[in-house]
Amino acid sequence: MAIRNIREIGDEILTKTCREVKEVNDRTKDLIDDMLDTMYEANGVGLAAPQVGVLKRIVVIDIGEGPVVMINPRIIETSGSQTGNEGCLSVPGKAGVVTRPDYVKAVAFDENMEEYEIEGTELMARAICHECDHLDGILYVSKVEGELLSSEELEEA
Ligand code: NI
């Protein structure tokens, strides 16, 4: 288990499309453990593999309800919408307003490559959308409505 370096906006790797995971081997398991450690260390609610420099379709999420590991995630249903602040560990000190579905259903594989279904509303729905975007090289800053704010500006708002 180790903390990995988080890639920041401007790093080309964050704009690439990630590859499907075909099998989970020891290296994949180490990567997932490190992603969780790195996310918790940085106080994030989600992290995608490209953020630690690995172009694989893996994301981890914890909105305070325990860790969720999603391998090859696919969003299969969305409904409603929510508009609110969003941030990203790869865009430190910034936040912006993004509209996302308010409900998301996704399918993914767990660390044993067992397929499962997951649903989320509110923050979980937002996190699933945000992290899945990373796997296609999309950062939330391209979806911000209005200005990207600094943390100081947010506190004043
Ligand atoms: Ni992010």
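Below, the structure is looked at part by part. (Residues numbered from 1 in each chain as written. Predicted model: local features only at pLDDT ≥ 70, side-chain atom pairs only at ≥ 80, totals over all residues. Heavy atoms only, no water.)

Here's the deal with the sheet that holds strand S5 (residues 94–100)
Overall, antiparallel pairing links the three strands, which are arranged S4-S5-S8 in an open sheet. Lying at the two open borders of the sheet, with one neighbouring strand each, are strand S4 (82–86) and strand S8 (145–150). The average undirected angle you get between the axes of adjacent strands in this sheet is 25°. Both S5 and S8 contribute to a ladder of three bridges, which runs antiparallel. By the bridge assignment, Val-97 is partnered in S8 with Glu-145. Relative to the sheet, helix H2 (residues 122–135) contacts S4 and S5, its axis offset from that of S4 by approximately 65°. (Pairing = 2+ DSSP bridges. Helix = DSSP H or I, 4+ residues; strand = E, 2+ residues; numbered from the N terminus. Axes fitted to C-alpha atoms, helices over the stretch in contact; angles between N-to-C directions. Contact = heavy atoms within 4.5 Å.)

What about the sheet that holds strand S3 (residues 68–79)?
Read from one edge of the open sheet, five strands run S1-S2-S3-S6-S7, paired in antiparallel fashion. With one partner strand each, in any of the chains shown, strand S1 (46–48) and strand S7 (115–121) form the two edges of the open sheet. Shown here is a sheet whose adjacent strand axes are inclined to one another by a mean of 35°, direction ignored. Bridge count for strand S2 (residues 58–61) against S3 is four bridges, and the pairing is antiparallel. Across the sheet, residue Val-60 finds its bridge partner in S3, namely Val-69. On top of the sheet, helix H1 (residues 26–41) reaches S1, S2 and S3; it is set at about 35° to S2, its chief contact.

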